[in-house]
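Chains, contacts and geometry: an overview
Single-letter residue listing:
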Amino acid sequence: MRLSRRSSIALVGAVLVAGVAGSGIPASALDPAPGVSDLTHDLDQILDDPRLAVAQAGVVVKSAETGEDLYSLQPGKLFIPASNTKLVTSAAAVETLGLDYRFSTTVLATSKPGRSIKGDLVLKGTGDPTMLAADYDALAAKVARSGVKEVTGRLVADDTWFDDVRLGADWTWDDEPYYYAGQISALTTSPDTDFDAGSVIVSADPGSAPGKPAKITTTPPTDYLKIVNKAVTGTTTNADITREHGTNTVVISGTVADRYEDWISVWDPTLYTASLFRAALARHGVRVHGPTVRGAAPGDATTVADHRSMPLGELLVPFMKLSNNMHAEILTKAMGRKVSGQGTWAAGLAVTSAFAQNNGVPSARLRDGSGLSRIDGLTPSGIASLLVNLRAKPWFQTWYRSLPVAGESERFVGGTLSGRMAGTAAAGNVHAKTGSLTGVSALSGYVTSADGEPLVFSVISNGYLSGSPKDLEDKIAVRLAEFKRSTAVDGASVLRVNPPVSGDLECSWRKPVQC
């Protein structure tokens, strides 16, 4: 045990004793049960790891029923939480918007619809991240079925439900071309049912013969991107796909022997979406004479067609299981729009911060909804207290089921934990949110002990130099699943936990997903 690391939390003369080390509880106030003392010893041993010698780690374990502290290490220190931020964002969104909340996407006409619309056709969005190209095609089909054959005016893309700030203020510049840092717009499109809003899948397949150009396709098909194909057919696949900053020029280079693909964010999802809708209108025989422009639908516009998303209670699953950053940011702006009429990060984060304050998180610094920002700050004790308090919410079970489940191979069950803790007492038991950035790792959630006692825990590491400490998180979670208050347990099995896939990104951020 490294007492020097833990002494900082045992201020005002609290004595460090086995079983309550770092809890701040005087030794005279509690005679720890053998199982609690044994748990403390084992967690101290797990955390006595060389990777943490130059890093900072915070750990809190509580009884979910009573809030009793079972273990604390730097509980009140502000850590970069990475995607653990989504625990706060998702819960605030459910509380604010409701499980039945749906995004709407509407097609409106500025004059009475008939065979010809003597004016503009408006495509208005409210941020639906689940809209696919097929959904815009279905909207275009509805327009055609209404009898409209031509629009004499323009196609107006209305994204005014949110502001026009597309990227988080603190997001790193080199993340910008990739789908996990896509631009946020009230009018957006996802390429598949992972619902990575504002992105396109770019695929490279072998060409006709070695040395010949690779074959490049996109999902969905679009001419919005400018493809620069420098890739050639080879005997091995060593390809790279990237988008040049500030443009929609996508460069593919290297060699391709088998299909290689990447998920690339688009520059300006509003106009990208409008281009898909315009092409769909043409396919269904609706001609728009004017250009595509941005603008706001007039208040007296007539609805021609509309689409509503799945309810938020269902959207929570791809959001939380796959740690979808864009969902977090869209829901943040949606909260701001509902509460203050402003679809901005500032308005939405004010809602989230107030929710956090009212639900056990007195210290929080939130700069976005997803945790991509390195300015975000949460404490392990705040996260653990939030997890305890959420159990009393009427919507808790729906939210709880959206958390990744350790060792469950089904992608929309296990999510970012599907490849972790399999074959241990934590498998199928731990429901928790992962978090990963370079030098940052976190795991916070729920576990049931061997006695059947529900526990909450939060483990956050910041500043390690190499070698992700995710295996330490797993060992802690497995040890909690084996915990018994009345007796000590053989903790040797914890030391045999297989390490998770290495890396500093959420496994769901590496496409194709292999969690």
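Structure's up top.
Residues numbered from 1 in each chain as written. Predicted model: local features only at pLDDT ≥ 70, side-chain atom pairs only at ≥ 80, totals over all residues. Heavy atoms only, no water.

Turning our attention to the packing of aromatic side chains. For the coordinates displayed, the defined rule picks out 10 aromatic pairs. Arranged with centres 5.2 Å apart and planes meeting at 80°, the rings of tyrosine 101 and phenylalanine 103 form a pair that is edge-to-face. Taken as a pair, tyrosine 101 and phenylalanine 103 share a single burial class, namely buried. Note on phenylalanine 396 and tryptophan 399: the rings are 6.1 Å apart at their centroids and 40° apart in plane angle, and the pair reads as tilted. Taken as a pair, phenylalanine 396 and tryptophan 399 lie in helix H10 (residues 396-401) at a separation of 3 residues, close to a single helical turn. For phenylalanine 396, a relative accessible area of 7% puts it in the buried group. Of the aromatic side chains, those joined through ring pairs into one cluster are Phe396, Trp399, Tyr400 and Tyr446. In this structure, lysine 77 packs its charged tip against the face of phenylalanine 79, placed 5.9 Å from the ring centre. The residue whose ring lies beneath lysine 333 is tryptophan 345, and the NZ or CZ to ring-centre distance is 4.1 Å. (Phe/Tyr/Trp six-rings, centres within 6.5 Å; stacked < 30°, edge-to-face > 60°. Buried < 20%, exposed > 50% of the residue type's maximum accessible area, 1.4 Å probe, protein only. Helix = DSSP H or I, 4+ residues; strand = E, 2+ residues; numbered from the N terminus. Lys NZ or Arg CZ within 6 Å of the ring centre and 35° of its normal.)

What follows is about unusual backbone geometry. Across the junction of threonine 219 and proline 220, the peptide omega takes the value 0°, indicating a cis bond. Mapped onto the fold, proline 220 is located in the loop between strand S9 (215-219) and strand S10 (226-229). Despite not being glycine, alanine 82 has its phi angle at roughly 50°, a positive value. With respect to the helices and strands, the residue alanine 82 is situated in the loop between strand S2 (69-73) and helix H3 (85-97). The backbone of phenylalanine 195 shows a phi angle near 60°, a positive value even though the residue is not glycine. Mapping phenylalanine 195 onto the fold places it in the loop between strand S7 (155-158) and strand S8 (199-205). In this structure phenylalanine 195 comes out as buried when scored by relative accessible area, which is 9%.

Turning to the nonpolar core, a few remarks are in order. With 61 residues, the main nonpolar core has Leu97, Leu312, Leu390, Trp399 and Tyr446 as its most contacted residues. Mapped by element, the contributors of at least two residues to this core are H3, helix H6 (312-321), helix H7 (325-340), helix H8 (345-358), helix H9 (380-390), H10, strand S21 (440-448) and strand S22 (454-462). If you tally residues by element for this core, the top one is H3, at 7 residues. Not counting residues up to four positions away in its chain, the partners in contact with tryptophan 399 are Leu87, Ser90, Ala91, Val94, Leu316, Leu387, Leu390 and Tyr446. (Core = buried A, V, L, I, M, F, W, Y, C linked by side-chain atoms within 4.5 Å. Contact = heavy atoms within 4.5 Å.)

Moving on, we come to the sheet that holds strand S15 (residues 287-288). Spatial strand order, S4-S6-S15: 3 strands in an open sheet with parallel pairing. Only two strands of the sheet have a single partner each, and these edge strands are strand S4 (116-117) and S15. Summarising the sheet, strand S6 (residues 150-151) and S15 pair through 2 bridges and their orientation is parallel. From the neighbouring strand, valine 151 faces S15, where its bridge partner is valine 288. (Pairing = 2+ DSSP bridges.)

What follows is about the environment of threonine 242. Mapped onto the elements of the fold, threonine 242 is located in strand S12 (residues 238-243). With 23 residues separating them in the primary sequence, threonine 242 and serine 265 have C-alpha atoms 9.3 Å apart. Filtering out sequence-adjacent residues up to four positions away, threonine 242 remains in contact with Pro177, Tyr178, Thr249, Val250, Val251 and Ile264.

Turning to the pairing of S9, a few remarks are in order. Side-chain alternation along S9 places Ile216 and Thr218 on a buried face and Lys215, Thr217 and Thr219 on a face that remains uncovered. Judged from the 5 bridges that link them, S8 and S9 form a sheet pairing that is antiparallel. Paired with aspartate 205 across the strands is lysine 215, a residue of S9.

A separate point is the environment of threonine 218. Here threonine 218 lies in strand S9. Threonine 218 gets classed as buried once you look at its relative accessible area, which sits at 15%. The residues contacting threonine 218, other than those within four sequence positions of it, are Val200, Ile201, Val202, Leu225 and Ile227. At a separation of 2.9 Å, a polar atom in the side chain of threonine 218 contacts the main-chain carbonyl oxygen of proline 220. From its side chain, threonine 218 meets the backbone nitrogen of threonine 222 in a polar contact 3.3 Å long. (Polar contact = N/O pair within 3.5 Å; in protein donor to acceptor, adjacent residues only side chain to side chain.)

For the rest of this paragraph, the subject is the environment of glycine 371. Along the polypeptide, glycine 371 turns up in the loop between strand S18 (364-365) and strand S19 (377-378). When its relative accessible area of 2% is taken as the criterion, glycine 371 is described as buried. In this structure the C-alpha to C-alpha distance between glycine 371 and lysine 86, which are 285 residues apart in sequence, comes to 6.9 Å. Beyond its immediate stretch of four places on either side in the chain, glycine 371 contacts Ala82, Thr85, Asp376 and Leu437.

Moving on: the layout of surface pockets. Quantified by volume, the second largest pocket comes out at close to 160 Å³. Around the second largest pocket, the lining residues are Ala133, Tyr136, Pro220, Pro221, Thr222, Asp223, Ser275, Leu276, Ala279 and Arg283. Secondary structure elements with two or more residues in the lining of the second largest pocket: helix H4 (133-145) and helix H5 (269-283). Of all the elements, H5 adds the most residues to the lining of the second largest pocket, at 4 residues. Broken down by class, the residue content of the lining of the second largest pocket amounts to 6 nonpolar, 2 polar and 2 charged. (1 Å grid on protein atoms, 1.4 Å probe; cavity = no way out; pocket = protein on both sides within 12 Å on 5 of 7 lines; lining within 4 Å. Points joined across faces, edges and corners; volume = space filled by probe spheres on them. Nonpolar A, V, L, I, M, F, W, Y, C, P; charged D, E, K, R; others polar.)

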